[in-house]
Structures are given as C-alpha cells and as structure tokens.
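The primary structure of each chain is shown beneath.
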Amino acid sequence: MTIRAQATESDIAALGSLLREARRGVVFTGAGISTESGIPDFRSPGGIWTKMMPVHYQDYVSDPEARRVSWERRFEMEATWNSVTPNDGHRSVARLIDKGHIAHVITQNIDNLHQASGVPDSHVIELHGNTRHAKCLTCGARVEIDAIKSHFEKHGDAPDCRLCGGIVKTATISFGQAMPEGEMARAEAASLNADLFLVIGSSLSVYPAAAFPLLAKRSGAQLVILNRDETEQDSYADLVIHGEIGPVMTAAIQGI
Ligand code: NAD
C-alpha cells in the first residue's frame, strides 16, 4: 500500500494504469467529488455538519415542524442546486464510463451531477437518492420541487400527495430511513463483479454505503482511495492518494 500526503507523479501514473487496465471498474463517490462544483461536504472543517444537525426520518414523518424546517433548508439550497454544474472530477468519471473502463458509478451524492456530466442513468446507482425532485412516502408518486415551493410559500407547509394524501419528502434517504432495496442490490452486484473499485471524495464513515469498498476488495478488486483527508479504510487499500480530485483525475485519465 502507498500513502502520501500529496499526490505524486508516480501515484497518478499508478492510478492511470489501473484505470486503463480496468474492464469492470466501479467508481464510488461521496460529497468530496462535488465540492469543486461549490457544494459543501459534511465533514470537512466548515462542512454542513459543523453548522446544522440533519432532520431524522422518524421526526420528519411524525412532526410537522420537522417537515417545515426540512423544507425551509431545502429551499435555501434551491439556488445552489439550480446553478451547480459538473466539474473535472465528474467529467473524468463520465469519460471512463464512456471508454468502457468503468461499468458503474455508485454515489452517495444527491446532487444529480454524475447524470449532468453525461453518465447515462443506467450506469448511476444513487444510494442516498436525489434531491432534485420529491416523492410521496406512501405511494411513491413523483412530485416536482417547484410545485411544493409554491404551496409552501402560500401555506407555510408542503402539500400532501395529490394521489393518495401521503406525506411528501425529497427523494433522498435521511438518517433513520430504510435504504433503497433496488439500488443496494445493484451496488452489491457491481461491487462483487468489479476488477477495480475507486473511491473518490468520501470519508467512508456512512454505513451501509461504506461497506461496498471492502466487499469489492474481498471479491478480488483492486481498491484505490482518492481523498484529501485520511479515510477509515485507507489501511485496506492497494493505493491511497491524498490529493485534490479534479487535478488528480484529469492527470490520471490523460490518454484514455
Ligand atoms: P463526507 O463529507 O463525509 O466526506 C467527504 C470527503 O471528501 C472528506 O473526507 C474530504 O476530505 C474530501 N474532499 C472534499 N473535497 C475534496 C476535494 N476537492 N478533493 C479531494 N477530497 C475532497 O462525505 P460522504 O462520505 O459523501 O458522506 C456524507 C453524506 O452526505 C453522504 O451520504 C451524502 O449523501 C451526503 N452529502 C451529499 C452531498 C452532495 O450530494 N453533493 C453534499 C454533502 C453531503
């Protein structure tokens, strides 16, 4: 295993050759891949968790005030969600998928930026959902954020589902909420089948998502971690690069 404080040319060359050889690679992304697009992560100094505690699922379903707070926070982020665009990290992943080296991107992110960078929906596995739309918790009907925002501005709360009267929530997975079964099964299959598993921008501290790198490693994949700070799984990886995602990925995919 190689661990360095800063990405060196030999780290980047090693990552490039692993990516070039990969045929069933998986990229696993966390909040860190989107910070260069201007979306703060959770655990870096100044990250979202240092400012506000998340609303837990049980509170959301049982307490109208928790729902109001949650929607207020969501609307405060609306300008950010509408203006963010993919960065060099997302574009590098899209290129690796287009060239057939990476089969799937498993993401913990809710920002839709992998799809916006050109990765087809069929190759993106969203473990924590997507904040760009909402869903009824009872019947699963899709609800657009704009419709909820207009209702919220008039009435101070979100509307119930027009089809079944159920509670509507952003299509994300909150703390305390069950993980999406279909996405978890797809992520497991992709991890078991991977020849290379590349973690990009995750502290690997949120479970069950953070179990996939070790699952892939145990089934024979090379495990690479690219993250600015140390992660909880650095000691298991074949290659660890502590560096900035955009520059490292751009350099590593040169010629691919
Ligand atoms: P995290 O905040 O726990 O860890 C992010 C890691 O990325 C940190 O260890 C940090 O060192 C690293 N990082 C940040 N910017 C970087 C850069 N430019 N280059 C290299 N490394 C960089 O994030 P997580 O592991 O994804 O867990 C947080 C949870 O929060 C996830 O479940 C995710 O659903 C959610 N979240 C999503 C978004 C988003 O959708 N963009 C943003 C914040 C949080």
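Coordinates for the structure precede this section.
Criteria and thresholds
- Residues numbered from 1 in each chain as written.
- Predicted model: local features only at pLDDT ≥ 70, side-chain atom pairs only at ≥ 80, totals over all residues.
- Heavy atoms only, no water.
- Buried < 20%, exposed > 50% of the residue type's maximum accessible area, 1.4 Å probe, protein only.
- Helix = DSSP H or I, 4+ residues; strand = E, 2+ residues; numbered from the N terminus.
- Pairing = 2+ DSSP bridges.
- Contact = heavy atoms within 4.5 Å.
- Axes fitted to C-alpha atoms, helices over the stretch in contact; angles between N-to-C directions.
- Near = heavy atom within 4 Å.
- Areas by Shrake-Rupley, 256 points an atom, 1.4 Å probe, with all protein chains shown as cover.
- Nonpolar A, V, L, I, M, F, W, Y, C, P; charged D, E, K, R; others polar.
- Domains from an automatic or database assignment.
- Phe/Tyr/Trp six-rings, centres within 6.5 Å; stacked < 30°, edge-to-face > 60°.
- Disulfide = S-S within 2.5 Å.

Undergrad: How do you make sense of the pairing of strand E7 (residues 168-172) when you look at a structure like this?
TA: Note on strand geometry: in a regular strand, side chains alternate between the two faces of the sheet. In terms of residue burial, E7 counts as a mostly covered element, since five of its five residues are buried. Here strand E5 (residues 129-136) runs beside E7; their pairing, made up of five bridges, is antiparallel. In the sheet register, Gly 129 faces E7, and the bridge partner there is Thr 172.

Undergrad: I'm lost on the sheet that holds E5 in this one. Help?
TA: Pairing is antiparallel in the open sheet, where three strands are placed in the order E6-E5-E7. At either end of the open sheet lies a strand with only one pairing partner, and these are strand E6 (142-143) and E7. The sheet contacts of helix H3 (residues 64-76) involve E5 and E7, and relative to E7 the element is tilted by about 50°. Each of E5, E6 and E7 touches helix H7 (residues 145-155); the most contacted strand, E5, lies at about 65° to it.

Undergrad: Is there a simple way to think about the site of the ligand in this case?
TA: The ligand sits among 27 residues. The nearest are Arg 43, Gln 108, His 128, Ser 203 and Asp 229. Isolated, the ligand exposes 850 Å² of accessible area, and the fraction of that covered by the protein chains is 96%. A per-class count over the shell around the ligand returns seven nonpolar, 13 polar and seven charged. Formed jointly, the shell around the ligand draws a minimum of three residues from each of two domains, domain 1 (1-39 + 85-128 + 179-256) and domain 2 (40-83 + 129-172).

Undergrad: I'm lost on unusual backbone geometry in this one. Help?
TA: Negative phi values dominate among residues other than glycine, just as trans dominates among peptide bonds. Omega for the bond connecting Tyr 207 with Pro 208 falls within 30 degrees of zero, at 10°, which places this linkage in the cis form. Considering the arrangement of structural elements, one finds Pro 208 in the loop between strand E8 (196-200) and helix H9 (212-218). Positive phi outside glycine occurs at Asn 112, with the angle close to 70°. Position of Asn 112 relative to the elements: it lies in the loop between strand E3 (102-107) and helix H6 (113-116). Given the relative accessible area of 25%, Asn 112 is considered partly exposed. At Leu 204, a residue that is not glycine, the phi angle is positive and equals roughly 55°. With respect to the helices, strands and loops of the structure, Leu 204 is situated in the loop between E8 and H9.

Undergrad: For this particular structure, what's the right way to read the packing of aromatic side chains?
TA: For any two aromatic rings, the description comes down to two numbers: the centre-to-centre distance and the angle of the planes. Following the criterion strictly, the structure yields three aromatic pairs and no others. Considering the side-chain rings of Phe 28 and Phe 197, the 5.9 Å spacing of their centres and the 35° angle between planes classify their relative orientation as tilted. On the criterion of sequence distance, the pair formed by Phe 28 in strand E2 (residues 25-29) and Phe 197 in strand E8 is long-range, its members being 169 residues apart. Residue Phe 28 shares its accessibility class with Phe 197, and that shared class is buried. Taking the centre distance of 5.5 Å and the plane angle of 25° together, the rings of Trp 71 and Phe 75 count as stacked. Taken together, the residues Trp 71 and Phe 75, both in helix H3 and four residues apart, mark about one turn of the helix. Accessibility assignment for this pair places Trp 71 and Phe 75 in one class, buried. Grouped by ring-pair contacts, the aromatic residues Trp 71, Phe 75 and Phe 152 constitute a single cluster.

Undergrad: Looking at this model, I keep getting lost on the state of the cysteines. Mind explaining?
TA: Chemically, a disulfide is nothing more than a covalent bond linking the sulfur atoms of two cysteines. This structure, assessed with the given rule, holds zero disulfides. Cys 139 forms no disulfide, and the closest cysteine sulfur to it belongs to Cys 164, at a distance of 3.7 Å.

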